[in-house]
Amino acid sequence: MKRRSWYIAAAVSASAMLSAGPAAWAQSFYATAAKPYKGTTIRVLDEITPLQETLKTMVPEFEKETGITVKYELLNHFEVINKGQADMLSGRGYYDAVMLHGLQLGPMLSAGVVRPIDDLVKNGKLFNPKLDTADFIQKPYKSLSFYKGKQYGFINWNYNQVYWARADLLNDADERAAFKTKYGYDLAPAKTFKQMLDIAAFFTRKKGEKLAGKTLDSDFYGVVLEGIKGGSTFGTLWRNFIQNYGGDIIDAKGQPTFDTPQTVAALTMWRELWKYAPPGIAEYSLVDVPTVMGKGIAAQTLAWSDFVLGIDKPGASPFAGKFVYGPIPMVEGQKGERHAEAEPSLEIISKASKHPEATFIFLQWLVDKKTQAELIATGKGGVPIRTSSWDLPVIKDSPNKSLFEAMKSTLAVATAKPKLPKYYELYDALSGIAQEVGLGKLSPADGAKKGQAEMLKLCKTCLL
Amino acid sequence: MTTAADAIAVPSSAAPTPTRERFWYPYLLIAPSMIVLTVVSLIPFLYTVFLSLHAAKFGRVTDFIGLDNYIQLLTDPRFWNSIGIAVIFVGIAVPIEFMLGLIGALVLNQNVRGRSILVPLLFMPTMMAPIVVGLLWKIMLAGSWGFFSYNVLERFHLIGNTSVFASPDLALFALIFVDIWQWTPFMMLAFFAGLQALPLGPYRAAAIDGANGVQIFFNITLPMLTPLLAVIGLLRFIDAFKVFDTVFILTNGGPGIATETPSILANKMTFEFWNIGEASAMAVLIWIAFFVFCNVFYQVAKKRLNAF
Amino acid sequence: MTQSTASSRSSGSLFWTGAVIAYAAVVLFPIFWMALMMVMPNDAMFARPTVFLFKPTLDHFNYVLEQGFYWSLLTSFVLCTVSTALIIVIGTPAAYAFARFEMKLKDDLFLFILATRMAPPVCLAIPFYLIFAKINLLDTFLGLTLAYMTFNLSFYVWVLRSFCRDLPAELEEAAALEGWSRAQIFRRIVFPLLRNGIVATAVLCFIFAWNEFLFAFMLGGENVQTLPVSIPKLITSQGVRWGEMAVVGITALLPVLAAVFVLQRHIVRGLTLGAVKG
């Protein structure tokens, strides 16, 4: 009798476990893996965007499941870079895990402060076999986290840029008629840079003129772009423009190749677009551009899609719901794939960390299918790192279909920035040129020459 | 409690007798300050010198490279650009602050009513955190949406189709303007206090002699204020050279490097490029320049102006 | 006592008063506008054309309170008060000694004090950071207090010394002859005369510490966050929260303004004592 009840009890609990599904199985994996590390406290530094703010509310779930305490700290874009790097480079190790944008990996790897995770991945007790890394959007993931045979993390944030425009203007009947008359083709979200330029010229109007039937009480501009020296201005120019025009800043060997006809063509288009931008463009950072769109000052932009989530919602902008998104434009007659600016980013384990194993468990939990699904559902959208996330109801059935389609197109081709140890110096020099060319202070041809000269001053072969 | 008045009742002697305390007494008094300053100032500074003589990229001290960092810096046009910008900045801002402050103090001295309310209010720009001052002027002068930019500059088409901080020529002057706005009250208050303390004797004598306002100002007021002017001037000169917070918020050295002051360049070298060795060399160079300058100034002011 | 080169006829005084008020109105307008921004709703802010009439909102205050910015206020207050108090205690004897006594190397030591203020703080930030990281002083009150001594102590001694120089030495000498101890002389003669100078200089030191950004940012952290450092937190993913920045900025201004209002007579008297000869 006793033995039979034991069998029944075993069967019942087994079926309960099985019916809970693979998610529950994975859940208990972290709890099991974390047993030796129960009671540890780890400190994690991450960047603040609407996505991370949602994530912060979910961290207590991990703490409850594993018994590891996580102090999850969020800083803004500029601070997270400064403080995170200072912490790692000084050897202080206050943070066990630090968020690095892809562009930071060049300098940080060359400084030797990032802990590879290969040994942890091979560790059966710590690595979750059901993590399904093949589900990560592969191009960004592989180009980001692996270098010269070593792995440095997974992928946490798939920041990407999209084309963003005012749907209400593009759909206005009178504007469409006038546009067709003037340019000979239908007004629609720009697919090529030439179209983007036409739309920019068309919609730049002075105060007092009419726009979509209303009289303007202040100037309106056809396009806005990031123009500050620093920020992600040069990234925008480099990967949306220069690469689509067929150029690049370095070749496969890492030698500077900035002075080419392709670069000059891209710089020319860049300059032309700046003519239709607000006067403050040279002061706009990645944070200002979405704000300007939200205030309805410009008709188009190329901007980071995660900011869209904070602007294109009721209450955040009077034009919420009136925007349309699209893939990054290409060049007419461009052969091959589109290029698009993205900044895949990851949490790495600092070499100075005293709790790499507990941190590793947390990093897996962050990118776990279940966590990601919950994050995107709670945040009402997000920037997926997993291919399977595109099918989540909150994204598939989102009213903002064009946004996620645009993100998808960018992420399909997105790669992390090449690993350049002198990334900051190169960036500083080249973004100065981006600004000068944009303002018309330097001709595109001279800009290309100057850029090449500056690069050569810094490195003859620039790759790590 | 005895007051100064009581002390005056004590007969003053002709020749001071040697004091009875021990010779090390004054050293005891200055010891705590010296110790603290040695710890918090001298030691970090010596460490800076140490760093400047080594290759210290990313904060890792590697090889001893002697004066290489210095040579690299002194042959870098970007370094000289920043020095030039600082010289222009200080050369324009400080004298204007001086003059405006002096004029303001003279005006305040004219029996203005409600001074006890007006003076603290006028002092507000100096009281504000420099970072807040930067934000304030960003609100006023930002391209497109700045209050002043939109309502005045754009409305009257004063600067073409650009913004103040995006124009290489205007940006530096805008920053100078902000510095003047921020620090003139400081000068005004200091000079006002100075004017308030001037003795009346010489003025009465001058009035009897029939001197006019201008003569009185240049021959009596100004010479008596000179020690104060020297102290305040020196402090302001040093601080203006080191300006950082406002420039950082408003232009961060841009457009291009048109407003890249030495502090902004040092910030870039330190926190972006992590060229710790070179940034340290810059600190030492600037320090040496100041030290020489202040030494000279101190000796001259002591002899000629009776200032120290 | 009040020195005036023009006679104080009431019409002349009214004219100058009017001029000063007009000047103040123009110069202080940006601050006034920022104060307005504290209660301006977000859609009215930076609207083109400028919106002057709007419905005030308390949202910005709510956000600032919700996010716990009062901790930064408290931190700033404690840090600045403690470091200023320490500076007064340590610096006053030093200033007095430099003014009164003959010492070997007096000039050099004094220049040393000024020299500590000469390097751009940006360049010192990293050595400080590296040293503090090694001795575990990052993100601590003690650490930041020490860091502030770098520029404030030297300023204090430098300025207070000139005040000390201008105190009448005869009073002290006479008292010494009478057999008073140094301590008595200091307490009963020097200190009452020096009080205004101390107040003036200490207030300036407090203001410098209160408004300081770079060191507080680099050497502080989660535990020690001063008010200026809390401002960049308002640059968020949804853009810059200007209304909240206005709240924090004006809040940072008010205590200092109040202190200057209350202590102004001492400040003015203090500044005069130290400056002018004759």
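Since we're looking at a predicted model, the values are computed, not measured. (Residues numbered from 1 in each chain as written. Chains lettered and ligands numbered in written order. Predicted model: local features only at pLDDT ≥ 70, side-chain atom pairs only at ≥ 80, totals over all residues. Heavy atoms only, no water.)

Some remarks on the overall build of chain A
Operational definition: Helix numbering and strand numbering both begin at the N terminus, where a helix is a DSSP run of H or I of at least 4 residues and a strand a DSSP run of E of at least 2. Only C-alpha atoms enter the radius of gyration; for comparison, a globular chain is expected to reach 2.2 Å times N to the power 0.38, where N is the number of residues. Under the scheme applied here, a residue whose accessible area is under 20% of the maximum for its type counts as buried, over 50% as exposed, and between as partly exposed, the area being computed with a 1.4 Å probe on protein chains only.
Scanning chain A for helices and strands turns up 19 helices and 12 strands. On C-alpha atoms alone, chain A measures out to a radius of gyration of 24 Å, which is about the 23 Å that the 2.2 N^0.38 rule sets for 464 residues. Principal-axis analysis of the C-alpha atoms gives chain A an extent of 90 × 50 × 35 Å. Within chain A, buried positions represent 59% of all 464 residues.

Considering the interface of chain B and chain C
Put simply, the rule is: The contact criterion used throughout is that any non-hydrogen atoms of two residues lie within 4.5 Å. As used here, buried area is the combined drop in accessible area, with a 1.4 Å probe, of two parts when they are placed together. A side-chain nitrogen of Lys or Arg and a carboxyl oxygen of Asp or Glu constitute a salt bridge if their distance falls within 4 Å. Whenever a nitrogen or oxygen atom comes within 3.5 Å of another N or O atom, the pair is scored as a polar contact, on the condition that within protein one atom can donate a hydrogen and the other can accept it, and that pairs from neighbouring residues in sequence are kept only if both atoms are in side chains. Think of it as three bins: nonpolar holds Ala, Val, Leu, Ile, Met, Phe, Trp, Tyr, Cys and Pro, charged holds Asp, Glu, Lys and Arg, and polar takes everything else, Gly as well.
Taken residue by residue, the interface counts 114 residues in chain B and 111 residues in chain C. Between chain B and chain C, a total of about 10300 Å² is buried, with carbon and sulfur atoms accounting for 76% of that surface. On the surface where chain B and chain C come into contact, there are 0 salt bridges. Counting the contacts that link chain B with chain C gives 7 residue pairs in polar contact (both at pLDDT 80 or more). Among the elements that take part in the side of chain B that touches chain C, helix 2 (residues 25–52) of chain B stands out by supplying 18 residues, more than any other. Split into classes, the residues belonging to the side of chain B that touches chain C amount to 81 nonpolar, 24 polar and 9 charged.

Topic: the side chain of Thr259(B)
Residue and element names in this part refer to chain B. Note that threonine 259 resides in the loop between helix 12 (245–250) and helix 13 (262–271). Accessibility expressed as a relative area gives 0% for threonine 259, which makes it buried. In contact with threonine 259, other than residues within four places in its own chain, are Ile85, Ala171, Leu172, Leu175, Val247, Thr251, Gly253 and Gly254.

Re the packing of helix 4 (residues 69–100) of chain C against helix 9 (residues 182–211) of chain C
Residue and element names in this part refer to chain C. The criterion, for reference: Here an angle of 0 to 180 degrees is reported between the N-to-C directions of two axes, which are lines fitted to C-alpha atoms, with helices fitted over the stretch in contact. For classification purposes, angles smaller than 35 degrees are called roughly parallel, those larger than 145 roughly antiparallel, those between 65 and 115 roughly perpendicular, and all remaining angles oblique. Whether a crossing is left-handed or right-handed is set by the direction in which the near helix is turned from the far one by less than a right angle, anticlockwise for left-handed and clockwise for right-handed.
At a closest axis distance of 9 Å, the pairing of helix 4 and helix 9 adopts a crossing angle of 140°. In terms of axis orientation, helix 4 runs oblique to helix 9. Relative to helix 9, the crossing made by helix 4 is right-handed. Each of Leu73, Ser76, Phe77, Cys80, Thr81, Ser83, Thr84, Ile88, Thr92 and Tyr96 in helix 4 lies in contact with helix 9, whose residues at this interface are Arg182, Phe186, Val190, Leu194, Ile198, Ala202, Cys205, Phe206, Ala209 and Trp210. Here the residues of the contact of helix 4 with helix 9 sort into 14 nonpolar, 5 polar and 1 charged.

Quick word on the state of the cysteines
What counts is decided by this rule: Only a pair of cysteine sulfur atoms within 2.5 Å counts as a disulfide in this structure description.
Within the structure shown, the criterion is met by 1 disulfide over all chains. Across the disulfide, Cys459(A) is cross-linked to Cys462(A) (sulfur-sulfur distance 1.9 Å). Taking the torsion about the S-S bond as the criterion, the Cys459(A) to Cys462(A) disulfide, at about 90°, is right-handed. Sulfur of Cys205(C): no disulfide; nearest cysteine sulfur belongs to Cys80(C) and is 11 Å away.

Here we look at the domain arrangement of chain A
All names here are of chain A. Selection rule: Domain borders in the structure are assigned automatically or taken from a domain database.
Here chain A is partitioned into domain 1 (25–159 + 343–413) and domain 2 (161–341 + 418–458). Of note, the centres of domain 1 and domain 2, computed from C-alpha atoms alone, are 30 Å apart. Listed as interface residues are 32 residues of domain 1 and, on the opposing side, 24 residues of domain 2. Where domain 1 packs against domain 2, one counts 1 salt bridge. Here glutamate 337 ties to lysine 139 by a salt bridge, and the two come within 3.1 Å at their closest N and O atoms. Between domain 1 and domain 2 we count 7 residue pairs in polar contact (both at pLDDT 80 or more) in total. If you list the elements that add at least two residues to the side of domain 1 that touches domain 2, you get helix 2 (50–66), helix 3 (77–89), helix 4 (102–111), helix 6 (138–145), strand 5 (146–147) and helix 17 (401–413). In terms of residue class, the side of domain 1 that touches domain 2 is built from 17 nonpolar, 13 polar and 2 charged.

What to know about the pairing of strand 10 (residues 300–304) of chain A
Residue and element names in this part refer to chain A. What counts, and what does not: The rule for pairing is simple: two strands pair if DSSP sees at least two bridges between them.
Of all 5 residues making up strand 10, 5 are buried, and the element is well covered by its neighbours. Here strand 7 (residues 157–166) pairs with strand 10 via 5 bridges, running antiparallel. Counted as the bridge partner of alanine 165 is glutamine 300 from strand 10.

Considering the nonpolar core
The cut-off we apply is this: By convention a nonpolar core is built from buried Ala, Val, Leu, Ile, Met, Phe, Trp, Tyr and Cys residues, the set being connected through side-chain atoms within 4.5 Å.
Counting residues in each nonpolar core, the largest one holds 367 residues, and the members touching the most others are Phe203(A), Phe362(A) and Leu219(C). The leading source of residues in this core is helix 9 (residues 168–197) of chain B, at 16 residues. Excluding residues that lie within four positions of it along the chain, Leu219(C) makes contacts with Phe128(C), Tyr129(C), Phe132(C), Leu138(C), Asp139(C), Leu144(C) and Ala147(C).

Digging into the domain arrangement of chain C
Residue and element names in this part refer to chain C. Taken domain by domain, chain C holds domain 1 (3–37) and domain 2 (66–271). If you average the C-alpha positions of domain 1 and of domain 2, the two centres end up 30 Å apart. Taken together, the contact between domain 1 and domain 2 spans 4 residues of the former and 5 residues of the latter. Between domain 1 and domain 2, the buried area comes to about 370 Å², and carbon and sulfur atoms account for 88% of it. Looking only at domain 1, the three residues that lose the most surface to domain 2 are Ile31, Met34 and Met37, adding up to 90% of its buried area. Linking domain 1 with domain 2 are 0 salt bridges. Linking domain 1 with domain 2 are 0 residue pairs in polar contact (both at pLDDT 80 or more).

Considerations on the environment of Asp46(A)
All names here are of chain A. Among the structural elements, aspartate 46 can be located in strand 1 (residues 41–47). Every residue in contact with aspartate 46, bar those within four places of it in the chain, is listed here: Gln52, Tyr72, Glu73, Leu74, Leu75, Val80, Met99, Trp157 and Glu347. There is a polar contact of 3.3 Å between the side chain of aspartate 46 and the side chain of tryptophan 157.

A closer look at the interface of chain A and chain B
Every contact between the two is made by 29 residues of chain A and, on the other side, 25 residues of chain B. Each partner contributes to the roughly 2200 Å² buried at the junction of chain A and chain B, and carbon and sulfur atoms together form 51% of this total. Interface area lost by chain A to chain B is led by Leu89(A), Pro279(A) and Glu283(A), which between them contribute 27%. Linking chain A to chain B there are 3 salt bridges. Among the ionic pairs, Lys57(B) bridges to Glu425(A), the shortest N-O distance being 2.8 Å.

Notes on the confidence of the model for chain C
This is how the line gets drawn: Predictor confidence is given residue by residue as pLDDT, running from a minimum of 0 to a maximum of 100.
Averaged over every residue, the pLDDT of chain C is 81; the share at 70 or more is 91%. What the predictor reports for the complex is a pTM of 0.84 with an ipTM of 0.82.

Structural notes on the pattern of salt bridges
By the definition in use, this model includes 24 salt bridges over all chains. One continuous salt-bridge network, built from bridges that share partners, spans Lys229(A), Asp428(A), Arg78(B), Glu260(B) and Lys268(B).

Observations concerning the packing of aromatic side chains
Worth spelling out the cut-off: Classification of ring pairs rests on two measures: the distance between centres of Phe, Tyr or Trp rings, Trp counted by its six-membered ring, which must be within 6.5 Å, and the angle between planes, read as stacked under 30 degrees, edge-to-face over 60 and tilted in between.
Scanning the model with the defined rule gives 50 aromatic pairs over all chains in all. Taken together, a centroid distance of 5.9 Å and an interplanar angle of 85° make the contact between Phe234(A) and Tyr427(A) edge-to-face. Separated by 193 residues along the polypeptide, Phe234(A) in helix 10 (residues 233–242) and Tyr427(A) in helix 18 (residues 423–439) bring together distant segments of the chain. With 5.4 Å between their ring centres and 80° between their planes, Trp137(B) and Trp181(B) make a pair best called edge-to-face. One end of the pair, Trp137(B), is in helix 7 (residues 130–141); the other, Trp181(B), is in helix 9, and 44 residues separate them in sequence. In this pair, the class of Trp137(B) matches that of Trp181(B), namely buried. Site record: aromatic cluster; members linked through ring pairs are Phe127(A), Phe136(A), Tyr141(A), Phe146(A), Phe154(A) and Phe360(A).

Some details on the packing of helix 7 of chain B against helix 8 (residues 147–154) of chain B
Residue and element names in this part refer to chain B. Where helix 7 meets helix 8, the axes come as close as 3 Å, and the angle between the chain directions of the two elements is 35°. From helix 7, Ile139, Met140 and Leu141 reach across to helix 8, where they touch Phe147, Phe148, Ser149 and Leu153. A per-class count over the contact of helix 7 with helix 8 returns 6 nonpolar, 1 polar and no charged.

Some details on the environment of Pro130(B)
Mapped onto the elements of the fold, Pro130(B) is located in helix 7. Pro130(B) gets classed as partly exposed once you look at its relative accessible area, which sits at 21%. For the pair formed by Pro130(B) and Phe244(B), sequence separation is 114 residues and the distance between their alpha carbons is 8.6 Å. Dropping the residues within four chain positions of it, Pro130(B) is found in contact with Gln182(B), Asp245(B), Thr246(B) and Asn211(C).

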